[in-house]
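For reference, the chains in residue letters:
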Amino acid sequence: MSSKRITHYINGSTWSGSAQRSGDVFNPATGELSAKVDFATAEVIDEAVAAAKRASVEWRNTSLAKRTQVLFAFREIVNAKKEELAKAITLEHGKVLSDALGEVTRGLEVVEFACGIPHLLKGGYSEGVSTGIDVYSIRQPLGVSAIISPFNFPAMVPMWFFPIAIATGNAVILKPSEKDPTPSLLMATYWKEAGLPDGVFNVVHGDKVAVDRILEHPDIASVSFVGSTPIAQYIYENGTKAGKRVQALGGAKNHMLVLPDADLDLAADAAVNAGFGSAGERCMAISALVAVEPIADDLVKKISERMAILRTGDGSAGADMGPLVTSVHRDKVSSYVDAGEREGAKLVVDGRNPKVDGAANGFWLGPTLFDNVTKEMSIYTDEIFGPVLSVVRVKSYDEGLALINSHRYGNGTAIFTNDGGAARRFQNEVSVGMIGINVPIPVPTAYYSFGGWKSSLFGDTHAHGTEGVHFFTRGKVVTSRWLDPSHGGINLGFPQNR
Ligand code: NAD
C-alpha cells in the first residue's frame, strides 16, 4: 500500500485540508500502486474558484509587457525541466520516455505561441468612420477558465489551453485526469517560479463530483474539455446550459487511406508508428488502415514484419512501446481483440500474452493487427484506444472516402499516395478536421488550431492558434467622439455615419 499522497494546488500552495475521497495512481509498467490522489468536493472547487476569481482581477490589469515576461520565464523553466516532466509522465502514464519528451516539446510550442500575445491581442482601429468619430476593437479576458483534461497527454493537452488562457489575462482551474495527476502539479510549481501571481493557476483533482461543480459554478466563464465522446457531449450540454463558453474535444477513429501508387514501405513504417506509438493511446493514433486494392496483401505483410521487431516494455528502460494506463483499460482493449476474432476478422498479429521487457504485473498488451475488418465490426465502429490496428480492404478511392466519411468520428485522417491530384481531392472531400498528406499524425503546429469534426468535437472553437485566443477573450467595439460645440443639438434618428 503506497503512502504517497497527491493533492490539490490552490492559490499558490499545496492544499492543506484532508480529503473525504481519493483515487489510485499506478505505475503501469510495474502494476504497483504509486500514490493516492485526493478527490475534490464541491467545497474544494469553490475554494479554488474563489482564489482564481480574486487573482484574475489583478492579472487582467497586469500589463501585456509583464504578462509576456512571465510567459517567457515559464517557457525557459519548462525547457530546462523537460526531463523531469517527461519522467513524471512515464511513471504514471506508461508511455516511453522519448514519447513523453515529445509531448512536452509539442506543449511548449503553444507556450511559445502565447509569448507573442501582445501581437495576437491587437485590435483594429478605424479613424474618421464618421465626422470626428473613430471606431476600434479590443479583446478582454473572460475571468476564470476551467480546463478538464484526459490521461493520455497529461502535459501537452493542458498546455493546449492554459498558456493562452493565462496570456490573455484569465485565471485557470485545471482538473487533470485522476490517473496521472503529477505533471500538472509540476507545471504549477514552474508557473510559481516564473513569477505568476498566486491564484492565477490552480490544480484540482477528482472525478465527476469535481467536474459537475465546475460545470455549474457561476464564477467559471469557460470550460475547455478533452476526453472521450460521451463525456465531451455531457460537458458541452451541461456547460452551455449553465451559460458557459465550452469547447469539448472528444474521441476518434483515425483512418489512413493508402492508394495503390503509394510507397508501401513508407506507408507501412507510418502505419506502425502511428498505430502503436504510445500504445495507441493517442487521439490522433491511426486505428483503421484503409487499403485500396490490389496492395492490401503486400501492405499487411510489410506491417507485420515491422511489428515483429517492436519491443514492448518499461518506458523508462528503452522499449518501443510501453504498457497501457491501467489494468481496467488493458482488459477493455483486450476484450476488443476477443470481439474482433469472434466477429470474423483475421487476427494477423495477436498482442495478448506478449513477450515483455518489464515487470510481470505491468499493464501489458502487445501490438495487434487485424485484416479483413468490415465496417459492422466493433473493432471498426468503436474507439479502442489501444495498440490495435484494423485493415479494411476497399476497391477504390471512392469506396475508401465514403467509408471514412460515414464514420461518426472525424478527428484526424491521412492519405498515402504519390498522386498530388488525388491528395488534393481528398483534402477537399473528406469530412475530418485534421488531414495528413503522407503524414500519419497530422497534429497542427501551435499557430494553427487543433480539433476534429462530427463526434470528435462539441462546440465551434478548436484548441490553440488564433481560435484559442478568440475562445479565451471577449470582443468589444468602441465608438468614440471627443466633443466640441458643433456636436450639440437634439436628433432622435438612428445614428448614421456622415
Ligand atoms: P475520459 O473521458 O474518461 O476523461 C476525461 C476527463 O473527464 C478526465 O479529467 C476525467 O476525470 C473526467 N471524467 C471522466 N468521467 C467523467 C464523468 N462521468 N463525468 C465528468 N467527468 C468525467 O477520457 P480519458 O480516458 O482520460 O482519455 C481518453 C479519451 O480522450 C479518448 O476518447 C481520446 O480520444 C480522447 N482524447 C481526445 C483528444 C482530442 O483532441 N479530440 C485528445 C486527447 C484525448
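Residues numbered from 1 in each chain as written. Predicted model: local features only at pLDDT ≥ 70, side-chain atom pairs only at ≥ 80, totals over all residues. Heavy atoms only, no water.

It is worth spelling out the site of the ligand at this point. Around the ligand there are 27 residues in total, and Ser149, Glu178, Ser228, Gly250 and Glu383 lie nearest to it. Ser149 has a polar backbone atom sitting 2.8 Å from an oxygen atom of the ligand. The contact in question runs from an oxygen atom of the ligand to an N or O atom on the side chain of Glu383, over 2.6 Å. Of the pockets mapped on this structure, the ligand occupies the largest pocket. Of all the elements in the fold, those that place two or more residues in the shell around the ligand are helix 8 (208–216) and strand 11 (222–226). Its residues placed into classes, the shell around the ligand shows 14 nonpolar, nine polar and four charged. Shared between two domains, the shell around the ligand takes at least three residues from each, and those domains are domain 1 (5–250 + 456–479) and domain 2 (254–437). (Near = heavy atom within 4 Å. Polar contact = N/O pair within 3.5 Å; in protein donor to acceptor, adjacent residues only side chain to side chain. 1 Å grid on protein atoms, 1.4 Å probe; cavity = no way out; pocket = protein on both sides within 12 Å on 5 of 7 lines; lining within 4 Å. Sits in = over half its atoms within 2 Å of the grid points. Helix = DSSP H or I, 4+ residues; strand = E, 2+ residues; numbered from the N terminus. Nonpolar A, V, L, I, M, F, W, Y, C, P; charged D, E, K, R; others polar. Domains from an automatic or database assignment.)

As assigned here, the protein comprises domain 1 (5–250 + 456–479) and domain 2 (254–437). Using only C-alpha atoms to locate each centre, domain 1 and domain 2 end up separated by 31 Å. In this complex, domain 1 contributes 20 residues to the contact, which on the side of domain 2 involves 25 residues. In terms of surface lost to domain 2, no three residues of domain 1 exceed Ala29, Val96 and Ser456, which account for 26% of the buried area on that side. Counting across the domain 1 and domain 2 interface gives one salt bridge. Between Arg282 and Asp99 there is a salt bridge whose closest N-O contact spans 2.8 Å. Taken together, the connections running from domain 1 to domain 2 amount to eight residue pairs in polar contact (both at pLDDT 80 or more). (Contact = heavy atoms within 4.5 Å. Buried area = accessible area lost by both parts, 1.4 Å probe. Salt bridge = Lys/Arg side-chain N within 4 Å of Asp/Glu carboxyl O.)

Within the open sheet, the seven strands sit side by side as 16-18-19-14-13-21-22. Their pairing is mixed. Two strands bound the open sheet, and with one partner strand each, they are strand 16 (346–349) and strand 22 (434–437). For this sheet, the mean angle separating the axes of adjacent strands, direction not counted, is 20°. Contacts from helix 11 (residues 296–307) reach strand 13 (254–258), strand 14 (286–292), strand 16, strand 18 (368–371) and strand 19 (388–394) within the one sheet, and its direction differs from that of strand 18 by about 170°. Docked against the sheet, helix 15 (residues 420–429) engages strand 13, strand 21 (412–416) and strand 22, running at close to 165° with respect to strand 21. (Pairing = 2+ DSSP bridges. Axes fitted to C-alpha atoms, helices over the stretch in contact; angles between N-to-C directions.)

Inspection of the entire model under this criterion finds 29 salt bridges. For Lys192, the salt bridge goes to Asp198, with nearest N and O atoms at 3.1 Å. The class of Lys192 is partly exposed, set by a relative accessible area of 38%. Its relative accessible area of 39% is what places Asp198 among the partly exposed residues. For Arg213, the salt bridge is made with Glu216, and the minimal N-O distance between the two is 2.9 Å. Placement of the pair is Arg213 and Glu216 together in helix 8, with a separation of three residues, close to one helical turn. Taken together, the shared-partner salt bridges connect Asp265, Asp269, Lys302 and Arg306 into one network. (Buried < 20%, exposed > 50% of the residue type's maximum accessible area, 1.4 Å probe, protein only.)

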